[in-house]
Amino acid sequence: MSRAGSDGRRVVVTRALPAAWLAPLAEAGLELDVIDQHEAPSTAELHERVRGASALWVMLGDRVDAALLDAAGPQLRVVATFSVGVDHVDLAACRERDVALANTPEVLTNATADLAMALLLALARRLREGEALLRSGRWAGWGPQQLLGFDLDGARVLVVGPGRIGSAFARRVRAFGARVTYHGRRARPELDEELGARFEPDLEAALARSEVVSLHAPLTDATYHLLDARRLRLLPPGALVVNTARGPLIDEAALVDALRDAHLGGAGLDVFEREPQVHSGLLELPNVVMLPHLGSATRGTRQTMAALVTDAITAVLRGARPANLVGDP
Ligand code: DGY
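Residues numbered from 1 in each chain as written. Predicted model: local features only at pLDDT ≥ 70, side-chain atom pairs only at ≥ 80, totals over all residues. Heavy atoms only, no water.

### Topic: the overall build of the protein chain
Under the convention used in this document: Only DSSP runs of H or I covering at least 4 residues are called helices, and only runs of E covering at least 2 are called strands; the numbering of each starts at the N terminus. The cut-offs for exposure are 20% and 50% of the maximum accessible area for each residue type, with area from a 1.4 Å probe on protein chains only; residues under the lower value are buried, those over the upper are exposed, and the others partly exposed. Residue-level accessible areas treat just the shown protein chains as cover; the underlying method is Shrake-Rupley with a 1.4 Å probe.
Across its full length, the protein chain carries 13 helices and twelve strands. With the C-alpha coordinates of the protein chain rotated into their principal frame, the extents come out at 70 × 50 × 30 Å. Looking at the 329 residues of the protein chain, the share that counts as buried comes to 52%. For the protein chain, the exposed area adds up to about 15400 Å²; of that, 52% sits on carbon and sulfur atoms.

### Re the pairing of strand E1 (residues 10-13)
Basically, it comes down to this: Only strands that DSSP links by at least two bridges are regarded as paired with each other. Whether a crossover is right-handed depends on one test, that the path from the first strand over the helix to the second runs clockwise when the strands point away from the viewer.
Where burial is concerned, the two faces of E1 agree: the one with Arg10 and Val12 and the one with Val11 and Val13 are both buried. Across four bridges, E1 lies against strand E2 (residues 31-34) in parallel orientation. Considered in E2, the bridge of Arg10 is made with Glu31. Handedness of the β-α-β unit built from E1, helix H1 (residues 19-27) and E2 comes out right-handed. In terms of strand pairing, E1 meets strand E3 (residues 55-58) through three bridges, oriented parallel. Pairing of Val13 across the sheet is with Trp57, part of E3.

### Examining the layout of surface pockets
We count it as follows: Both cavities and pockets are sets of points on a 1 Å grid over the protein atoms alone; in a cavity a 1.4 Å probe fits but cannot get out, in a pocket the set is open with protein on both sides within 12 Å along at least five of seven lines, and lining residues sit with an atom within 4 Å of a point. Grid points are joined across faces, edges and corners, and a volume is the space filled by probe spheres set on the points. Residue classes follow a fixed rule: Ala, Val, Leu, Ile, Met, Phe, Trp, Tyr, Cys and Pro count as nonpolar, while Asp, Glu, Lys and Arg count as charged, and any other residue, Gly among them, counts as polar.
In this structure, the second largest pocket encloses a volume near 280 Å³. If you go around the second largest pocket, you meet 14 residues; those closest to its centre are Ala124, Arg125, Arg126, Leu147 and Gly149. Counting residues per element, the ones that place at least two in the lining of the second largest pocket are helix H5 (109-124) and helix H6 (127-136). At three residues, the largest contribution of residues to the lining of the second largest pocket is made by H6. In terms of residue class, the lining of the second largest pocket is made up of seven nonpolar, three polar and four charged.

### Points about the site of the ligand
Defined as follows: Proximity is defined per residue: if any heavy atom of the residue lies within 4 Å of a molecule or strand, that residue is considered near it. We define a polar contact as two N or O atoms separated by no more than 3.5 Å, with the added condition that, inside protein, one atom must be a possible hydrogen donor and the other a possible acceptor, whereas residues neighbouring each other in sequence contribute only through side-chain atom pairs.
Taken together, Leu60, Ser83, Val84, Gly85, Leu108, Arg246, His293, Gly295 and Ser296 make up all the residues around the ligand. One nitrogen or oxygen atom from the side chain of Arg246 is found 2.7 Å from an oxygen atom belonging to the ligand. The separation between an oxygen atom of the ligand and a polar side-chain atom of His293 is 2.7 Å. Among the residues making up the shell around the ligand, the classes are represented as three nonpolar, five polar and one charged.

### Side note on H5
Let me state the cut-off plainly: To estimate the expected span of a helix, subtract one from its residue number and multiply by 1.5 Å.
Here H5 spans 22 Å end to end across 16 residues, near enough to the 22 Å set by a 1.5 Å rise per residue. Judged by how many residues are buried, H5 sits mostly within the fold: twelve of 16 residues are covered. The set of residues buried in H5 consists of Thr109, Ala111, Thr112, Ala113, Leu115, Ala116, Met117, Leu119, Leu120, Ala122, Leu123 and Ala124. Immediately beyond the C-terminal end of H5, within one or two residues, lies Arg126, with a positive phi of roughly 55 degrees.

### Thoughts on the nonpolar core
Basically, it comes down to this: The definition of a nonpolar core used throughout is a set of buried Ala, Val, Leu, Ile, Met, Phe, Trp, Tyr and Cys residues joined through side-chain atoms within 4.5 Å. It only takes one pair of heavy atoms within 4.5 Å for two residues to be counted as in contact.
Ranked by internal contacts, the top residues of the largest apolar core, which has 29 residues, are Val213, Leu232, Leu255 and Leu264. The contact partners of Leu264, leaving out residues within four places of it in the chain, are Leu232, Leu235, Gly238, Ala239, Val241, Leu255, Ala258, Leu259 and Asn287.

Function cannot be inferred from these measures alone, as they are strictly geometric.
Written out as structure tokens, the structure reads:
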């Protein structure tokens, strides 16, 4: 792939991707500059590679800030992130430089809600511990009190952030018989009607009444450490915590403490406070199920996300407005 040229047609892609995903960009006559590796490039490499680019296809691990946008230069027209979350992007810096920002909403809703449900089921039915027992060779046969789990039928489940993914998770957990409460900025009458769900504007009151809490809020200044040490202790003893949104929504050190002293019954985590680092305390605990940020990781979902990204880039570069713009450029 050529890196030459700054004639308004160069698109920098910050990871190795399947050729089929990139094809629409090449078909649109754009020049591709792919950073051909699976791990995130260093800041220095990224700044060097973006120089003169008209479009950037970035990932969750890439920090898109004023320094990166300035390193690219004034010809940069669009940043398209391969994610629905945009907390790694400085929106104001994009706006100030008239750079459009696009993301991949909606298409990853079901995949992410499925994964949250998978984590909850794994915790509730102690899948990790059961499998470890089998693999250890120490299983002595069926036991009446062996690895007793938690009933989802009738459980009080709190959804924090009832947006697309939170609502899809609420539907799933309701299908398992749970009673759903949700907390967010506003009531969602459609959820109340469809699921018999209940809006609770007071997060702390909601936590005190919930046996399960699943986080689906975006990461902002207001949601950083939304579950801190004090709020984690408001949950009833034995409660389960699921996070498929963003790691910094939970104070990870406080979570480890609340799991260690068995105040919490378990945690199902797809995201971590300092990805890709994982708190060593979490690694030691048996009642934690962890995944390496796989929320949207299905073949079909990623393919559809790629199509949204290429649509956005080609639209902006031909002077059109893409459907999935974040805010106003
Ligand atoms: C996103 O796209 O923001 C999600 O974190 C994917 O899991």
